[in-house]
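# Descriptive analysis of the structure
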Amino acid sequence: MPAINLATLLLRSARVFPERPALALGTGVTASYRELALRVARLAGGLLEGGLAPGDRVALVMANCPQYVEALFACWQAGLVAVPINAKLHALELDYIIADCGARLCLVTADRENDVAALAGRSGALARVINVAGADYARLLAAPPTLVHEIPDDALAWLFYTSGTTGRPKGVMLSHHNLMAMTLNYFSDVDEIAPSDSILHAAPMSHGSGLYILPHVARAALNAVPESGGFDPDEIFTLLRAQKGLRGLTMFAAPTMVKRLVDARRDADSDNIKTIVYGGGPMYVEDAKCAMQRFGYKFAQIYGQGESPMTITAVSKYLHRDVSHPRYAARLGSVGIPFTGIRLRIGDGHDTPLPPGEVGEVLVRGDTVMLGYWNNKAASNEALRSGWLHTGDLGVRDEEGFLTLKDRSKDVIISGGSNIYPREVEEVLLRHPGVLESSVIGEPDAEWGENVLAFVVAKPGMQVAADELDALCLANIARFKRPKYYRFVAALPKNNTGKVLKTELRKLLQP
Ligand code: AMP
């Protein structure tokens, strides 16, 4: 299928809804759709005038800000490849990614300007660093506007660096075609969006939340960024309540963020929230129930990964509401059914399809699956062998096609020859009223291979005893699955997108 430039999504919205607000900082609108389209066309012109050519990479080391949206669309309009990089990474990690992708230009926000400027001339091809609040950026915006670049099929739009919870991050190559398919899938399986709706980018725009820009621009909705640039429940509730508050609001939130929203300001008005899409890590059933009690049936779940962004399976809002269904609880504990047009298979170690009820690796095929990893043929061939994306996630399907994730294959604990899925144990521990969070890992053991060990964070002011947790496990899961040891800690190590870093927990075990 011939590829269509993603920048056309913006043009279309700007033609039909020129006066609609496109960007906001807090509730302060910074651009209408007409203004955004013009800024993007000029910025695209400025980038090309500055010596970049279609196919070149532009790194974005930017905290959440309204300029994020225009930077992405300007790259696409000019045929350039955007490389959004988590702005909270260490300078050495930035160095690695910028060198790996070969970007010659990096757009930055002030918080990381010095760190990235220190890499110019040193890190790969990086020659120029431009602060999006500075005079050089204003000069780019003064360039003559350029038209949308006609792109070849398979043209790259976004190099999506994996979070690197193990090993070096890899650049997932996402094409315009991949992201167009992802955008359409949002409308088919997650939610409708009206021009009067808005999205609040409280999660990193370099990652989860950034992808949601696309369906919202496609429907001429408002992309708002909290003034803090991050996730602060108090700020969010204030934005919702303001007189000209954000309406019809969608937010993408990692499960840990949903939990914090539930716990904060229980009396705060949340009528303006339309949809909270959660995903990126396991949502425990107990937490999902509490969230719906607090906010109503406004939730949708997505299971995806950088390699098939936002799009593998979903539990729609409708299914969240369908409480009288006899299999409601099982459905809520699942990650849902495949998106329209996505094929899903559970494969054994040789990729042979397994029937419902058997656990194997989740394999995916469809228009959203990446082209491969940047500059890494071996890893691409491995991940895409036999024409299926190998997600590294273990899962099981039921007869109706609902997928339940077990764990990352590398996180499965094998004790005495039996497979133990940490998530199952974590679900049980969370039922204890004093437990805020838990993470279960395997500890090497000469006799058993591995022992089950649970890290537990108690709720503030609450005491939790190991024998209470043990009794809870005995009452709910097979004896061999229950943790042999408990470690009570003040917090769990997490990366910027809210994923618990089991690698860090394992390090705590080393003598
Ligand atoms: P990333 O590429 O950084 O977005 O990470 C993707 C990984 O996060 C997936 O391979 C899963 O292991 C995990 N993940 C994503 N969505 C979900 C979900 N809804 N439930 C459980 N785990 C998830």
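In short, a report on the structure. (Residues numbered from 1 in each chain as written. Predicted model: local features only at pLDDT ≥ 70, side-chain atom pairs only at ≥ 80, totals over all residues. Heavy atoms only, no water.)

What follows is about the nonpolar core. Membership of the largest hydrophobic core comes to 119 residues, with the highest contact counts inside it found for Trp-76, Leu-107 and Leu-179. Looking at this core, the element that brings in the most residues is helix 3 (residues 67–77), giving eight residues. Excluding anything up to four places from it in sequence, Trp-76 contacts Asn-5, Leu-6, Ala-7, Ala-82, Ala-157, Trp-158, His-176, Leu-179 and Leu-214. Counting 23 residues, the second-largest nonpolar core is a separate cluster that includes Leu-94, Cys-101, Leu-126 and Trp-374. (Core = buried A, V, L, I, M, F, W, Y, C linked by side-chain atoms within 4.5 Å. Buried < 20%, exposed > 50% of the residue type's maximum accessible area, 1.4 Å probe, protein only. Helix = DSSP H or I, 4+ residues; strand = E, 2+ residues; numbered from the N terminus. Contact = heavy atoms within 4.5 Å.)

We now examine the site of the ligand. In the vicinity of the ligand lie 17 residues, with Gly-280, Ile-302, Gln-305, Gly-306 and Asp-393 positioned nearest. Within the side chain of His-207, a nitrogen or oxygen atom sits 3.3 Å from an oxygen atom of the ligand. Gly-280 places a main-chain nitrogen or oxygen 2.9 Å from a nitrogen atom of the ligand. Contact with the protein chains covers 89% of the free accessible surface of the ligand, which is 500 Å². When contributions to the shell around the ligand are tallied by element, the ones reaching two or more residues are strand 13 (299–305) and strand 20 (403–408). Of the residues forming the shell around the ligand, the biggest block, five residues, is contributed by strand 13. (Near = heavy atom within 4 Å. Polar contact = N/O pair within 3.5 Å; in protein donor to acceptor, adjacent residues only side chain to side chain. Areas by Shrake-Rupley, 256 points an atom, 1.4 Å probe, with all protein chains shown as cover.)

Another point: the pairing of strand 5 (residues 105–108). Burial along strand 5 is two-sided: the face carrying Leu-105 and Leu-107 and the face carrying Cys-106 and Val-108 are both buried. Relative to strand 5, strand 3 (residues 57–61) runs parallel, the two being bridged by four bridges. When the sheet's bridge partners are listed, Leu-60 is paired in strand 5 with Leu-107. Here strand 5 runs beside strand 6 (residues 128–131); their pairing, made up of four bridges, is parallel. Following the sheet pairing, Leu-105 is matched in strand 6 by Arg-128. Taken together, strand 5, helix 5 (residues 110–117) and strand 6 form a β-α-β motif whose crossover is right-handed. (Pairing = 2+ DSSP bridges. Right-handed = clockwise from strand over helix to strand, strands pointing away.)

Pairing within the open sheet is mixed, and its three strands lie in the order 23-24-25. The sheet terminates laterally at strand 23 (435–445) and strand 25 (485–488), the two strands that pair on one side only. Each strand of the sheet is rotated relative to its neighbour by a mean of 25°, with strand direction disregarded. This element, helix 16 (residues 422–429), spans strand 23, strand 24 (449–458) and strand 25 of the sheet and lies at about 145° to strand 23. Sheet contacts for helix 17 (residues 466–476): strand 23, strand 24 and strand 25; angle to strand 25, the most-contacted strand, approximately 130°. (Axes fitted to C-alpha atoms, helices over the stretch in contact; angles between N-to-C directions.)

Turning our attention to the sheet that holds strand 19 (residues 389–397). On the basis of which strands lie adjacent, the open sheet formed by four strands has the order 16-17-19-20 and antiparallel pairing. Each edge of the open sheet carries a strand with a single partner, namely strand 16 (343–347) and strand 20. For this sheet, the mean inter-axis angle between neighbouring strands, taken without regard to orientation, is 45°. Summarising the sheet, strand 19 and strand 20 pair through five bridges and their orientation is antiparallel. Within the sheet, the bridge partner assigned to Val-396 lies in strand 20 and is Thr-404.

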